[in-house]
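Chain residues, written in single-letter form:
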Amino acid sequence: MAGSKFAYVKSFEIPDLLLPKTFIVARLDGHGFHRFSDEHGFVKPNDERALRLMDHAATVVMQEFSDIMLGFGESDEFSFLFRKSCTLYNRRSTKIISTLTSLFTSAYVMNWSRYFEDMPLKYPPSFDGRIVLYPSSTEVMDYFSWRQTDTHINNLYNTTFWALVQQGEKTPTQAHETLRGTVSSQKNEILFNNFEINYNEIDSRFRKGSVLVREVVPPSLSAEGKSSEADIAGSVSAKTLKPSKKPKPVYKITVCHCDIIGKSFWEEHPYLLES
Ligand SMILES: Nc1nc2c(ncn2[C@@H]2O[C@H](COP(=O)(O)OP(=O)(O)OP(=O)(O)O)[C@@H](O)[C@H]2O)c(=O)[nH]1
Ligand SMILES: [Mg+2]
């Protein structure tokens, strides 16, 4: 319909470009997962199948979008960090977040039966998505520390709550009452003294969440790395005027459940915050 008398309506579409040279963080969150987890019989407080499915969907997203350097997931949410120089879709905000959210959701649905073999999907799950821009690496590191601290706080609370209900035979109201105003050390004591649970021995997947890192594959281990090196050597020996190619780094995505609070994780992976 370009050129028709109706085409003026296009001018109402306002550009929504993201500020250049800033870190893009996208966070997706399951919509109404309180009900979704109940209806699909998620184990309380943590369902390993559900968490692995989230990791799988996030890996699909990171394989598709090579500008995403890091993912962090807990419960029904996943955060993704894009490299600062990312020019994906000319940094159009809604194009990025809608494509990301829809790919994550379809990957979640497509792989559901791998993780929930005996539980058919009863209705289509959905996720919301948002983008936040951060000006420097300090805020990016603090963002991920914030999410992992949240994982810890929620998991310690939920673990203690469900121990009181499932093993301590308290009603949910009584369990909430017992936990009201308690600090971490008191919850640890309740777990240890009443249920012989050492919180630090609980699976790190539950305590720390999932960290998906785009790892650099050393050139010697990557076929692409080798060919890039050959390109450089070739361009020098042939004495052509072609610009010499920098070897392209080759990446793989690894999943771990490590500590990302503070600086040491980032010092071990400095390229995550480079341009
Ligand atoms: N049993 C169980 N429930 C889970 C698990 N992971 C997530 N959930 C549920 O998902 C909810 C996620 O929290 P929210 O995102 O705040 O709740 P929500 O219902 O999704 O609400 P909105 O995000 O606002 O739509 C938790 O409160 C749990 O009810 C799990 O491993 N086991
Ligand atoms: Mg949610």
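Residues numbered from 1 in each chain as written. Chains lettered and ligands numbered in written order. Predicted model: local features only at pLDDT ≥ 70, side-chain atom pairs only at ≥ 80, totals over all residues. Heavy atoms only, no water.

Chemist: Tell me about the overall build of the protein chain, and please be specific about residues and values.
Modeler: Summing up its helical and strand segments, the protein chain has 10 helices and six strands in all. Looking at the protein chain alone, contacts between residues at least 24 apart form 75% of all its contacts between residues at least 6 apart. With an accessible surface of roughly 15,800 Å², the protein chain has 54% of that area assigned to carbon and sulfur atoms. (Helix = DSSP H or I, 4+ residues; strand = E, 2+ residues; numbered from the N terminus. Contact = heavy atoms within 4.5 Å. Areas by Shrake-Rupley, 256 points an atom, 1.4 Å probe, with all protein chains shown as cover.)

Chemist: Tell me what's going on with the UniProt feature "binding site: Mg(2+) 2" (unreviewed entry) in the protein chain, and back it up with residues and numbers.
Modeler: In the UniProt entry, the feature "binding site: Mg(2+) 2" (unreviewed entry) is given for Asp29 and Asp76. Taken together, the annotated residues stretch across 48 residues yet fold into one region, lying no more than 5.6 Å apart by C-alpha. Within the element layout of this structure, Asp29 appears in strand 1 (residues 23-30). The contact partners of Asp29, leaving out residues within four places of it in the chain, are Asp76, Glu77, Ser126, Phe127 and Asp128. You can see Asp76 is positioned in the loop between strand 2 (68-74) and strand 3 (77-82). The exposure class assigned to Asp76 is buried, which follows from its relative accessible area of 14%. (UniProt positions renumbered as here; feature names shortened; annotations may be inferred. Buried < 20%, exposed > 50% of the residue type's maximum accessible area, 1.4 Å probe, protein only.)

Chemist: An account of helix 7 (residues 184-195) is needed here, citing residue identities and associated values.
Modeler: One turn of the α-helix equals 3.6 residues, which is why residues spaced by three or four share an orientation. Taking 1.5 Å per residue as the helical rise, helix 7 with its 12 residues ought to reach 16 Å, and the 16 Å between its terminal C-alpha atoms agrees with that figure. Burial in helix 7 covers these residues: Lys187, Ile190, Leu191 and Phe195. Projected down its long axis, helix 7 shows its buried positions confined to an angular sector of 95 degrees, all on one face. Those residues of helix 7 hidden inside the fold are in contact with helix 5 (137-166) and helix 6 (172-179). (Expected span 1.5 Å × (residues − 1). Arc of directions from axis to C-beta.)

Chemist: I'd like a rundown of unusual backbone geometry, residues and numbers included.
Modeler: The omega angle of the peptide bond from Lys44 to Pro45 is 0 degrees, so this bond is cis rather than trans. Within the secondary structure, Pro45 is located in the loop between helix 1 (33-39) and helix 2 (48-64). A positive phi angle, near 55 degrees, is found at Lys21, a position not held by glycine. In this fold, Lys21 is placed in the segment before strand 1. In this structure, Tyr89 takes a positive phi of about 45 degrees despite not being glycine. Here Tyr89 is to be found in the loop between strand 3 and helix 3 (93-110).

Chemist: Lay out the packing of aromatic side chains with the relevant residues and their values.
Modeler: Tallied over the full model, the rule gives 23 aromatic pairs. On the basis of an interplanar angle of 70 degrees and a centroid distance of 6.3 Å, the ring pair of Tyr8 and Phe12 is categorised as edge-to-face. Look at Phe265 and Trp266: their rings are 5.3 Å apart centre to centre, the planes differ by 85 degrees, and that puts the pair in the edge-to-face class. Just as Phe265 is buried, Trp266 falls in that class too. Through pairs of rings, three or more aromatic residues link up here, namely Phe33, Phe36, Phe42, Phe78, Phe80, Phe104, Tyr108, Trp112, Phe116, Tyr123 and Phe127. Of note, Lys95 hangs over the ring of Tyr89, and the distance from its end group to the ring centre comes to 5.1 Å. (Phe/Tyr/Trp six-rings, centres within 6.5 Å; stacked < 30°, edge-to-face > 60°. Lys NZ or Arg CZ within 6 Å of the ring centre and 35° of its normal.)

Chemist: I'd like a description of the packing of helix 5 against helix 6, backed by residues and values.
Modeler: Between helix 5 and helix 6, the shortest axis-to-axis distance is 9 Å and the interhelical angle comes to 130 degrees. Here helix 5 is positioned oblique relative to helix 6, judged by the angle of their axes. Where helix 5 crosses over helix 6, the handedness of that crossing is right-handed. Of helix 6, the residues touching helix 5 (which contributes Tyr157, Thr160, Phe161, Leu164 and Val165) are Pro172, Ala175, His176, Thr178 and Leu179. Taken together, the residues of the contact of helix 5 with helix 6 break down into seven nonpolar, three polar and no charged. (Axes fitted to C-alpha atoms, helices over the stretch in contact; angles between N-to-C directions. Parallel < 35°, antiparallel > 145°, perpendicular 65-115°, else oblique. Left-handed = near helix turned anticlockwise from the far one by under 90°. Nonpolar A, V, L, I, M, F, W, Y, C, P; charged D, E, K, R; others polar.)

Chemist: Break down the coordination of the magnesium ion (ligand 2) for me, with residues and values.
Modeler: Within the protein, the atoms that donate to the magnesium ion (ligand 2) are Asp29 (OD), Gly30 (O) and Asp76 (OD), at distances of 2.1 Å. The site at the magnesium ion (ligand 2) holds six donor atoms, and with the angles between them running 79 to 177 degrees, its shape is octahedral. (Donors = N, O, S within 2.8 Å, 3.2 Å for Na, K, Ca; no water. Tetrahedral: all angles 85-135°; square planar, octahedral: opposite > 155°, others 65-115°.)

Chemist: Describe the site of ligand 1, listing the residues and the values that go with them.
Modeler: Taken together, 15 residues surround ligand 1, and among them Asp29, Gly32, Phe33, His34 and Asp47 come closest. The backbone of Phe33 places a nitrogen or oxygen atom 2.7 Å from an oxygen atom of ligand 1. Pro45 is positioned such that a nitrogen or oxygen atom in its backbone is 3.3 Å from a nitrogen atom of ligand 1. If you list the elements that add at least two residues to the shell around ligand 1, you get strand 1 and helix 1. Per-element tally for the shell around ligand 1: the top contributor is helix 1, with three residues. In terms of residue class, the shell around ligand 1 is made up of four nonpolar, seven polar and four charged. (Near = heavy atom within 4 Å. Polar contact = N/O pair within 3.5 Å; in protein donor to acceptor, adjacent residues only side chain to side chain.)

Chemist: Break down the sheet that holds strand 2 for me, citing the residues and quoting the values.
Modeler: Sheet architecture is open: six strands sit in the order 4-1-3-2-5-6, paired in antiparallel fashion. With partners counted over all chains shown, the strands left at the sheet margins are strand 4 (127-134) and strand 6 (250-256), one partner each. Ignoring which end each strand starts from, the neighbouring axes of this sheet average 20 degrees apart. Summarising the sheet, strand 2 and strand 5 (residues 210-217) pair through four bridges and their orientation is antiparallel. The residue of strand 5 that forms the bridge with Phe72 is Val211. (Pairing = 2+ DSSP bridges.)

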